Amino acid sequence: MDITKLEQRYEGKAKKVFATSDPSYYIVEYKDDATAFNGLKHGTITGKGVINNKMSNMMFRLLEKNGVKTHFVEQLSDRETLVKAVEIVPLEIIIRNTAAGSFSKRYGVEEGTALKCPTLEFSLKNDALNDPLINDSHIIALGVATEDELKAIREMAYKVNDVLKEFFAGIGVKLVDFKIEAGRLPDGSIILADEISPDTCRFWDAKTNEKLDKDRFRRDMGGVEEAYEEIFRRITEQKNV
Ligand code: TMP
């Protein structure tokens, strides 16, 4: 596609978003910057932007093959991808298969406890408020999303979980939990946006439970770059994506 990168529209913690010569498309550019605890902790994970860009695109292709509509259009370079322009629904959509992180803390459940079924929760994307948990009726009452949009988001989130859980099981990785974001197209339909990467998922080695994700950075465990490289190596060796 013949599209020119124009002015920066937005800079997030891990990505920049640029307008393009076609208003239906944006270009996202992945950075090596890493933050945690709502930006309180800062660092760099060398090579992360390249891995997250390529890995997200592989996951979006896999999901598209399985019937999930995503913003992915075309990878342009190691760090840049052309995506459909959407309006992001300001929710962090979190699915959990195994207790970990804030869920374990909130409910006093040991990390690693298998959940009887996958859980879905929402946080309002609002840094000033520290991304508070929000329930369905609050989302509708505040006009964050409509009831129909929430239904589409829920169905999409569980479908993403089914596809990814099976894919990662095939490369010896337990998908503990993940966060996704939804976007609205001009026609009002909901599609998957943002990224799917070790920044936004918890991946544990299926045999050893070794963490292969951003928790190594959040918790100062060391071996951060190596973890991103290892998960990426396993994905690329698997020929289905
Ligand atoms: P949590 O246990 O800290 O709530 O995280 C749940 C999942 O969401 C985990 O896979 C990490 C991901 N996540 C993000 O992608 N962005 C965030 O800002 C936070 C807090 C978590």
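These numbers come from a predicted model, not from an experiment.

Engineer: Account for the site of the ligand, with residues named and values stated.
Structural biologist: Not every one of the 14 residues close to the ligand is listed here, only the nearest: Arg-96, Ser-102, Asp-177, Lys-179 and Arg-202. At a separation of 2.5 Å, an oxygen atom of the ligand approaches a polar side-chain atom of Asp-177. Between the ligand and the protein, one listed contact pairs an oxygen atom with a side-chain N or O atom of Arg-202 at 2.9 Å. Protein contact buries 77% of the 450 Å² of open area that the ligand shows by itself.

Engineer: Quick rundown of the side chain of Thr-81? Include the residues and the values.
Structural biologist: Positionally, Thr-81 belongs in strand S7 (residues 80-84). For Thr-81, a relative accessible area of 1% puts it in the buried group. Of the polar contacts made by the side chain of Thr-81, one reaches the side chain of Asn-53; its length is 2.5 Å. A polar side-chain atom of Thr-81 sits 2.8 Å from a polar atom in the side chain of Asn-57. Beyond its immediate sequence surroundings of up to four residues, Thr-81 is in contact with Tyr-26, Ile-27, Val-28, Asn-53, Asn-57, Phe-72, Glu-74, Gln-75 and Leu-76.

Engineer: Run through helix H6 (residues 224-237), naming residues and quoting values.
Structural biologist: The end-to-end C-alpha distance of H6 is 20 Å, a good match for the 20 Å that 14 residues give at a rise of 1.5 Å each. Buried residues of H6: Val-224, Ala-227, Tyr-228, Ile-231, Phe-232, Arg-234 and Ile-235, and no others. Down the axis, H6 shows its buried residues gathered within 160° of arc, on one side only. Where the residues of H6 are buried, they touch helix H1 (48-65), helix H4 (147-169), strand S12 (173-184), strand S14 (201-205) and helix H5 (215-218).

Engineer: Just give me the short version of the pairing of strand S9 (residues 91-98), but keep the residues and values in it.
Structural biologist: In terms of burial, S9 is a largely internal element, 8 of the 8 residues being buried. Sheet topology places S9 next to strand S10 (residues 114-124); 7 bridges connect them, and they run antiparallel. From the neighbouring strand, Leu-91 faces S10, where its bridge partner is Leu-124. Sheet topology note: the S9/S12 ladder contains 4 bridges and is antiparallel. Each bridged residue has a counterpart across the sheet, and for Ile-94 the counterpart in S12 is Lys-179.

Engineer: Describe the environment of Arg-9, with residues and values.
Structural biologist: Structurally, the position occupied by Arg-9 is in strand S1 (residues 5-11). Separated by 10 residues in the primary sequence, Arg-9 and Ala-19 have C-alpha atoms spaced 6.1 Å apart. Ignoring any residue separated from it by four or fewer positions in sequence, one finds Arg-9 in contact with Val-17, Phe-18, Ala-19 and Tyr-26. Side chain to side chain, Arg-9 and Tyr-26 meet in a polar contact 3.2 Å long.

What counts, and where the lines are drawn
- Residues numbered from 1 in each chain as written.
- Predicted model: local features only at pLDDT ≥ 70, side-chain atom pairs only at ≥ 80, totals over all residues.
- Heavy atoms only, no water.
- Near = heavy atom within 4 Å.
- Polar contact = N/O pair within 3.5 Å; in protein donor to acceptor, adjacent residues only side chain to side chain.
- Areas by Shrake-Rupley, 256 points an atom, 1.4 Å probe, with all protein chains shown as cover.
- Helix = DSSP H or I, 4+ residues; strand = E, 2+ residues; numbered from the N terminus.
- Buried < 20%, exposed > 50% of the residue type's maximum accessible area, 1.4 Å probe, protein only.
- Contact = heavy atoms within 4.5 Å.
- Expected span 1.5 Å × (residues − 1).
- Arc of directions from axis to C-beta.
- Pairing = 2+ DSSP bridges.

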